[in-house]
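# Summary of structural features
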Amino acid sequence: MIWRALLLAASAAVPGATAQEVGESQPTPVDLVEEEIQVVGDLPGPPLWKVTKDDHVLWILGIPELVPNDLLWHPDSVEHALTRSSEYLPPPSLRVSLTNPVRAWRLIKRMRRIPDQGTLEGLLPEDLYQLFSETRLRYAPKRDNLEELRPSVAAEELFDSAAQSAGLESGLRTIGRVIEKRAKKHNVKKVPAHLSERYKDSPLFDSTQEMSPHAEQTCLQAGLQGLDAQVEEHTRLAAAWAVGDLATLRAHPGDSATWTCDSFVLAFDPEVLSQMESRSWELWLENVDRALTDNDSTFAILRLRDLLRPNGPLSWLRERGYEVVEPDEAQPARAPLGTGRSGSSNAG
């Protein structure tokens, strides 16, 4: 997953091959999802967090990591909050690239693979390799090149294959693009918090050879042993999100082990990565501060796992003096679509 983002970041430096163009040139399920949004009974729909400063309000929608491609959800509360807002704040984003895009492609390709043309069969203990082989035959039988990938990368690739087999797709991309289309439709201005770092020699690539083989093998084993359960859990959480089941979402905010085993996290210098992530969140918080001063209403989306972290964005907003209202304490009143919005007038 993260490698796909890195490849797009590297291609962004190549003339005529931006990350945006890559995403738009490939078929996506966004239009299908948007058409299939239906009202199912009298359900509350996805949960919205309300952040207020005097008479100014920020609505935050948390997005699950993965969602089924045929997920149905109740849009009224989200639509009501979005159409009355002046601005739309996407999650903070971070892109790492090298000044030489050709070198970046080569380094990314190299860092995905086991050094010295090694293979997983030669690297892994016999029992772990057997488990890997059985899982590959089940979910990626035609992916012989997985044998050449680092254990952490192979684990990610197998998880992606298992998720696709179950009909799961990126929630941030799928639902986020639906939200973005509707924001454009209602002339809600998008205000990103994007941090882009360019290096001649990136700490990401410099630290690749220092990745612990033991740590990678541990991650691979954990990922393979719990793969079916992880896929089922994502499906269950997406269903809970769609009907506003906060108890389920709070009980399972996300598997922290999954993210500590991310190959990007394992490869990057922890201090440098932490600094960049902090700066990207600072940009997002600056946008929130300004929006809660200038706009009557603002709409934002964040990853659900970030939103539910005990010391995450909601905690930071409380520390800044804002009132944060949980979704089960207040929801925006539903109203006929197409009504006007207050606040600044902004072009989309």
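In this report, we go over the structure that sits alongside the text. Quick caveat, the model's predicted, so the values are computed rather than measured.

## Some thoughts on the overall build of the protein chain
Across its full length, the protein chain carries 18 helices and 10 strands. Relative to its 348 residues, the protein chain shows a buried fraction of 47%. For the protein chain, the share of sequence-separated contacts (at least 6 apart) that also reach a separation of at least 24 residues comes to 85%. Accessible surface, the protein chain as shown: approximately 17,000 Å² in total, 50% of it carbon and sulfur.

## Comments concerning the nonpolar core
In this structure, Ile60, Trp284 and Phe299 are the most contacted members of the largest nonpolar core, which totals 46 residues. Not counting residues up to four positions away in its chain, the partners in contact with phenylalanine 299 are Leu48, Leu58, Trp59, Leu61, Val78, Ala81, Leu82, Ser85, Glu87, Tyr88, Leu89 and Ile179.

## Re the pairing of strand S9 (residues 297–303)
The element S9 is extensively covered by neighbouring structure, given that 6 of its 7 residues are classed as buried. Taken together, the 7 bridges between strand S2 (residues 56–63) and S9 define a ladder with parallel strand orientation. Paired with leucine 58 across the bridge in S9 is threonine 298. Bridge count between strand S4 (residues 87–89) and S9: 3 bridges; the pairing is parallel. Pairing of leucine 89 across the sheet is with alanine 300, part of S9.

## Topic: the sheet that holds strand S1 (residues 48–53)
One open sheet accounts for 6 strands, arranged S7-S4-S9-S2-S1-S10; its pairing is mixed. In the strand order of this sheet, the two ends are held by strand S7 (189–190) and strand S10 (323–325), each with one partner. Judged from the 6 bridges that link them, S1 and S2 form a sheet pairing that is antiparallel. The partner of valine 51 across the bridge, within S2, is leucine 58. Each of S2, S4, S7 and S9 touches helix H9 (residues 171–185); the most contacted strand, S9, lies at about 165° to it.

## With respect to the environment of glutamine 130
In this structure, glutamine 130 sits in helix H7 (residues 126–139). Taking the relative accessible area as the measure of exposure, glutamine 130 reaches 43% and is therefore partly exposed. Side-chain polar atoms of glutamine 130 contact the side chain of glutamate 134, separated by 3.0 Å.

## Considerations on unusual backbone geometry
A positive phi angle, close to 55°, is found at aspartate 54, a residue other than glycine. If you trace the backbone, aspartate 54 turns up in the loop between S1 and S2. For glutamine 117, which is not glycine, the phi dihedral falls at a positive 55°. You can see glutamine 117 is positioned in the loop between helix H5 (101–112) and helix H6 (120–123).

## Focus on the environment of threonine 218
By secondary structure assignment, the location of threonine 218 is in helix H11 (residues 213–225). Spatially, the C-alpha atom of threonine 218 lies 8.9 Å from that of serine 152, the residues being 66 residues apart in sequence.

Conventions used here
- Each chain carries its own residue numbering, running from 1 in the direction its sequence is written.
- Totals for whole chains, interfaces and linings use all residues, but because this is a predicted model, local features are given only for residues with pLDDT of at least 70 and pairs of side-chain atoms are given and counted only at 80 or more.
- Neither water nor hydrogens contribute to the side-chain values; these are computed over all heavy atoms in the structure.
- Starting at the N terminus, helices and strands are each numbered in turn, a helix being any DSSP run of H or I of at least four residues and a strand any DSSP run of E of at least two.
- When accessible area is computed with a 1.4 Å probe and restricted to protein chains, residues below 20% of their type maximum are described as buried, those above 50% as exposed, and intermediate ones as partly exposed.
- Residue contacts are counted whenever heavy atoms from the two residues lie within 4.5 Å of one another.
- Throughout, the Shrake-Rupley method with a 1.4 Å probe supplies accessible areas, and for residues the shown protein chains are the sole cover considered.
- Here, nonpolar core refers to any group of buried Ala, Val, Leu, Ile, Met, Phe, Trp, Tyr and Cys residues whose side-chain atoms link them within 4.5 Å.
- A pair of strands is considered paired only if DSSP assigns at least 2 bridges between the two.
- Every axis corresponds to a line fitted to the C-alpha atoms, with the helix fit spanning only the stretch in contact, and the corresponding angles, defined between N-to-C directions, vary from 0 to 180 degrees.
- Pairing of N or O atoms within 3.5 Å defines a polar contact, subject to two protein rules: one partner must be a possible hydrogen donor and the other a possible acceptor, and residues neighboring in sequence count only if both atoms are side-chain atoms.

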